[in-house]
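# Inside the fold
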Amino acid sequence: MGIEEMFRDCKTGGYDLEGTSLKEDRLINMILLMTLAYTWAIFQGTELKKKQVQKHVSRRK
């Protein structure tokens, strides 16, 4: 289930990778940047969950 959410985030539901029209090196750089941002967000979410404040955080509409 988590992988489906990641794909949605990378597509039009979040980072809009499909809308960038990037090619080759720029696409690779964008994917690397998105990977770093996504990883940071996962770590932040894990910390929030540990603090038991996740009910105060939600996905932007």
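Throughout this description, residue numbers start from 1 for each chain and increase along the sequence as written. Restriction of local features to residues with pLDDT of at least 70 applies here, the model being predicted, together with a cutoff of 80 or more for giving and counting side-chain atom pairs; totals for whole chains, interfaces and linings are based on all residues. Where side-chain values are given, they derive from all heavy atoms of the structure, hydrogens and water being excluded.

On to the pattern of salt bridges. What makes a salt bridge here is a side-chain nitrogen of Lys or Arg within 4 Å of a carboxyl oxygen of Asp or Glu, nothing more. Inspection of the entire model under this criterion finds 1 salt bridge. A salt bridge links Glu47 to Lys50, with the shortest nitrogen-to-oxygen separation between them at 3.6 Å. A residue pair is termed a helical-turn pair when its members lie 3 or 4 positions apart in one helix, as Glu47 and Lys50 do in helix 2 (residues 24–50) at 3 residues. The secondary structure listing takes helices from DSSP runs of H or I that are at least 4 residues long and strands from runs of E that are at least 2 residues long, numbered from the N terminus.

Our focus in this paragraph is helix 2. Between its terminal C-alpha atoms helix 2 stretches 39 Å, which fits the 39 Å expected from 27 residues at 1.5 Å a residue. Phi turns positive one or two residues past the end of helix 2, at Gln52, with a value near 60°. What a helix should span is 1.5 Å times the count of its residues minus one.

Moving on to unusual backbone geometry. Even without glycine at this site, Glu24 takes up a positive phi of about 50°. Mapped onto the secondary structure, Glu24 falls in helix 2.

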